[in-house]
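# Descriptive analysis of the structure
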Amino acid sequence: MKTAPVISAQNLNIGYRTGGDGLKCVHHNLNIALHAGELTCLLGANGAGKSTLLRTLSGAQPALSGDVLINGTPLSKISRHRLSQSIGVVLTDKTAIGGLTVREVVALGRQPHTGFFGRLSSHDNAMVDDSLKACNITDKQHRYMASLSDGERQKVMIAKALAQECPIVLLDEPTAFLDIVSRIEIMSLLHRIATEHHRAILLSTHDIEQALVLSDRLWLLSRESGLTTGITEDIILSGSLDNLFHHTDIHFDPLHGSYYPTVQHDKTIVVDCKDETLLHWTINLLNRNGYGAAFDLSSPCSVILHIKARNEIIWQHDNEVATLHSFEELTQMLQKR
Amino acid sequence: MSRNLHISYSTRLIITLVVLSAILWVCNLFIGSVSIPAKEVINVLTGQPCERESWRYIIIESRIPQAITALLAGCSLAVAGLLLQTTFNNPLAGPSILGIDTGASLGVAIVMLAGGTLLTSSPISGFIATIVGAFVGAASVLAIILFFSTFVRNNLMLLIIGMMVGYLTSSIISLLNFFASANQVHAYTMWGMGNLGGVSLQQLPWYATASVCGLLIALLLSKPLNAMLLGTRYAENLGVNISATRNMLLLATGLLTATTTAFCGPVTFIGLSVPHIARLLLRSSNHNTLLPVTMLCGAVVLLLCNMLSVIPGNNGIIPINAVTPLIGAPVIIYVIVNQKKIHYFNG
């Protein structure tokens, strides 16, 4: 089922106005479609324009030309108040909310829906309860923000955006500075919110590993190739990720979903191994020590490695055969040559 | 359950502060540089005949307006400080540190020294000129600092810019002093020491109206102020009109600082320290409760300072600016030393 995008734009030019008539265009002719019920990750190197794109989509920065459409309505035609009910943001900005409780911060998300004095109705309080529950922080609702870990604080800001009841949530590097457990938690949480609450969630991140696992769609942004979008697996298998960072020293390995340094080697060793995990880490070790790996047993290589188990490595050099009991011993053999 | 507890705690705190400020206000009527027996004070207040007519005059014409002034000035300066701290996202901001009361002083100096009119002895027109001068001066400095804050993101740098603007303003005041007559300089210097007794019973309604207006504007801004705690970009996303809110804050802070400075001289440390006392007592940065608590704490602190300033008895009055740092400075040092343990510092 393909729904109409909640945010769309055609031939969008983004960038800055630099005093006078000067324009500094960061990207031009971007075509954008963000869908409800999906988690979309925006990937790109530092300085690729991720934050500029997010700011433009959230209406915090005007596009240089072209219109961002929110459910078909141009962003420029949406009132400040209406916009605050359409797009919620999670930023990396410095805040001064250490003296507020978790609940008070989440309740700030109700501001677009409350009256002049910001009094919370029972419906508002129910929405705050739901948002706290969705982010698993109900038990922390009376704690001060200052007492939370970075990961917990991020969950509170996500709960705030949820309480805002916006169909669109934009997040600028929500997993930066978090440890691996919190990163996975936050990404899983966002994916669950996108699916269960049918929100369109777009986040920028450097955490490519998690993005490939949990993101429904990828937006790749680079200075050279502009914006490439698609379902995560289409993007991975198309090889587009190799062009994300224009750097000859790294390449993307679609099998393991990760970037690796490009191997420079002039020597090759033949590897014979049935187990995929063992094979992967054997190649890893060979590459790091400046060797390439070959798999054709009949090739004219002088060394053949038979990897039986992690403590049973048979080193065959012409007619000389040695049994090694660890990768430590293998490293020593390689360095002796 | 604990939500109800929280509400009742802040309500209890507010009631305590109201009672405390009422008691201190009454105490201010009984204590002054001229010693008047308590029985006679009660006689005057209840409209009974008084032993000496001069005592009645002192209480009606001096002590009552001074106690009301101390109450209003305490509220005004404390709230001005809180508004500045939230606007600049900086707990060490305050009207004195950012040079805003120096701006008001410059406005007053221009009126008093260059214009040749004196606040205490002038007719009402000169007196209004002084207030307008103070407001224009305070608002100008505040506008300059707001302008710098749009591109100086570092809070410490912004405070230093505020101090520099303050120094520049002071040097203009010194120049004005240099060219003024001895009498004018004397009057200006006396005013600069801070004096809560400078507002006469006739001037009081003017002062009260201006400061109550400023306080009301501040109270109406508590919703956007809470959003501003998240920073301007978050606040904008919550639908807050940042420029309109900043203009209202400029108006309220300017009004509160300028009127108080015009009437009482530049009273230091209240704006900087009282919001901290309030946050520490309230244990919250939520402006819905923090604004009233800050207001009441300001009243309590300045009424207390006013009482301390008359301790020498018949030997005269200690300038209020010699007393306020005694309470204010230790609070700021305490807050800075303990900032790692104080929740609102770790935002």
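Residues numbered from 1 in each chain as written. Chains lettered and ligands numbered in written order. Predicted model: local features only at pLDDT ≥ 70, side-chain atom pairs only at ≥ 80, totals over all residues.

Counting its secondary structure elements, chain B contains 14 helices and zero strands. Listing every helix and strand of chain B by position from the N terminus yields α-α-α-α-α-α-α-α-α-α-α-α-α-α. Radius of gyration (C-alpha) of chain B: 20 Å, near the 20 Å computed for a compact globule of 347 residues. Taken over the C-alpha atoms alone, chain B extends approximately 65 × 60 × 35 Å along its principal axes. Per-residue burial for chain B yields a buried fraction of 50% across its 347 residues. Put simply, 77% of the contacts in chain B that link residues at least 6 apart link residues at least 24 apart. (Helix = DSSP H or I, 4+ residues; strand = E, 2+ residues; numbered from the N terminus. Rg over C-alpha atoms; globule rule 2.2 N^0.38 Å. Buried ≥ 20, exposed ≤ 12 C-beta atoms within 10 Å, placed from the backbone. Contact = placed C-beta atoms within 7 Å.)

Within chain A one finds ten helices and 17 strands. With respect to the three principal axes, the spread of C-alpha positions in chain A is 85 × 50 × 40 Å. A separation threshold of at least 6 residues defines the contact pool for chain A, and within that pool the share at least 24 residues apart is 63%.

Attention now goes to the confidence of the model for chain B. Predicted confidence across chain B gives a mean pLDDT of 87, with 94% of residues reaching 70 or more. At the level of chain-chain contacts, confidence expressed as ipTM amounts to 0.88, with global pTM at 0.88. (pLDDT = per-residue confidence, 0-100.)

A separate point is the interface of chain B and chain A. Interfaces are often described in size by the accessible area the parts lose on coming together. At the interface, 24 residues of chain B touch 27 residues of chain A. Of all the secondary structure elements, the ones that give two or more residues to the side of chain B that touches chain A are α9 (222-228) and α10 (232-237) of chain B. With four residues, the single largest contributor to the side of chain B that touches chain A is α10 of chain B. When grouped by side-chain class, the residues that make up the side of chain B that touches chain A number seven nonpolar, 13 polar and four charged. (Nonpolar A, V, L, I, M, F, W, Y, C, P; charged D, E, K, R; others polar.)

Another aspect to go through is the sheet that holds strand β7 (residues 168-172) of chain A. All names here are of chain A. If you walk across this open sheet you meet the six strands as β6-β7-β8-β3-β9-β10, and the pairing is mixed. Whereas interior strands pair on both sides, the edge strands pair on one side only; in this sheet they are β6 (87-90) and β10 (226-231). Between one strand and the next, the sheet's axes are offset by a mean angle of 15°, whatever the strand orientation. Of the pairings in the sheet, the one linking strand β9 (residues 217-222) to β10 comprises six bridges and is antiparallel in character. Residue pairing for β10: R217 is matched across the bridge by I231. Against the sheet, helix α5 (residues 150-163) engages β6 and β7, with an angle of about 170° to β6. Sheet strands in contact with helix α6 (residues 180-196) are β3 (39-43) and β8 (200-204), and its direction is about 155° off that of β8. (Pairing = 2+ DSSP bridges. Axes fitted to C-alpha atoms, helices over the stretch in contact; angles between N-to-C directions.)

Here helix α13 (residues 287-309) of chain B contains 23 residues, and its C-alpha end-to-end distance of 31 Å stays within 8% of the 33 Å for a straight helix at 1.5 Å per residue. Of all 23 residues making up α13 of chain B, 20 are buried, and the element is well covered by its neighbours. (Expected span 1.5 Å × (residues − 1).)

Counting 162 residues, the largest nonpolar core has V79 and C297 of chain B as its most contacted members. With residues near it in sequence (within four places) discarded, V79 of chain B still touches L215, A218, L256, L291, T294, M295 and G298 of chain B. If you look at the next biggest cluster of nonpolar residues, it comprises eight residues, including V271, Y291, L305 and I313 of chain A. (Core = buried A, V, L, I, M, F, W, Y, C linked by C-beta atoms within 7 Å.)

Quick look at the packing of helix α4 (residues 100-114) of chain B against helix α6 (residues 155-179) of chain B now. All names here are of chain B. Interhelical geometry of α4 versus α6 gives an angle of 15° and a closest axis separation of 9 Å. Considering the angle they form, α4 stands roughly parallel to α6. Of the two elements, α4 crosses α6, and the hand of that crossing is left-handed. Residues T102, G103, S105, L106, A109, I110, L113 and A114 of α4 touch α6, and the partners they reach there are G166, T169, S170, I172, I173, L176 and N177. (Parallel < 35°, antiparallel > 145°, perpendicular 65-115°, else oblique. Left-handed = near helix turned anticlockwise from the far one by under 90°.)

Moving on to the domain arrangement of chain A. The domains assigned to chain A are domain 1 (7-258) and domain 2 (267-336). Computed from C-alpha coordinates alone, the two centres of domain 1 of chain A and domain 2 of chain A are separated by 45 Å. (Domains from an automatic or database assignment.)

A separate point is the pairing of β7 of chain A. All names here are of chain A. The element β7 is extensively covered by neighbouring structure, given that five of its five residues are classed as buried. In this sheet, β7 lies alongside β6 in parallel orientation, the contact comprising four bridges. The residue of β7 that forms the bridge with G88 is V169. Where β7 meets β8, five bridges bridge the pair, whose relative direction is parallel. Looking across to β8, one finds that I168 is bridged to A200. Note on the crossover from β7 through α6 to β8: the handedness is right-handed. (Right-handed = clockwise from strand over helix to strand, strands pointing away.)

What follows covers the sheet that holds strand β2 (residues 22-34) of chain A. Hydrogen bonding along the main chain pairs the strands of a sheet, whether they run parallel or antiparallel. Residue and element names in this part refer to chain A. Strand order in the open sheet formed by four strands is β2-β1-β4-β5, and the pairing between neighbours is antiparallel. The sheet is open, and its two borders are formed by β2 and β5 (73-74), each paired with just one other strand. One ladder, built from nine bridges, connects strand β1 (residues 7-18) with β2; its direction is antiparallel. Bridge pairing links S8 to A33 in β2. Seen against the sheet, helix α1 (residues 50-58) touches β1, β2 and β4 (68-70) and runs at an angle of roughly 115° to β1.

Moving on, we get to the pairing of β9 of chain A. Residue and element names in this part refer to chain A. A large share of β9 lies buried, amounting to five of its six residues. Pairing of β3 with β9 involves four bridges; the strand directions are parallel. Its bridge partner being in β9, T40 is matched across the sheet by R217. Taking the residues between adjacent antiparallel strands as the criterion, β9 and β10 are bridged by three residues.

With that settled, the discussion passes to the packing of α5 of chain A against α6 of chain A. Residue and element names in this part refer to chain A. Packing of α5 against α6 brings their axes to within 10 Å, and their N-to-C directions diverge by 15°. It follows that α5 is roughly parallel to α6 by the angle criterion. Regarding α5 and α6, the two cross each other, and that crossing is right-handed. Here D150, G151, Q154, K155, I158 and L162 of α5 come into contact with α6, specifically with S182, E185, I186, L189 and I193. Counted by class, the contact of α5 with α6 contains five nonpolar, three polar and three charged residues.

With that settled, the discussion passes to the environment of N287 of chain A. Considering the arrangement of structural elements, one finds N287 of chain A in helix α9 (residues 276-288). The spacing of N287 of chain A and Q264 of chain A is 23 residues in sequence and 8.1 Å in space, taken between C-alpha atoms.

What follows is about the environment of D179 of chain A. Residue and element names in this part refer to chain A. Looking at the element boundaries, D179 is found in the loop between β7 and α6. A tally of 12 C-beta atoms within 10 Å means that D179 is categorised as exposed. For the pair D179 and G151, spaced 28 residues apart in sequence, the C-alpha separation works out to 8.0 Å.

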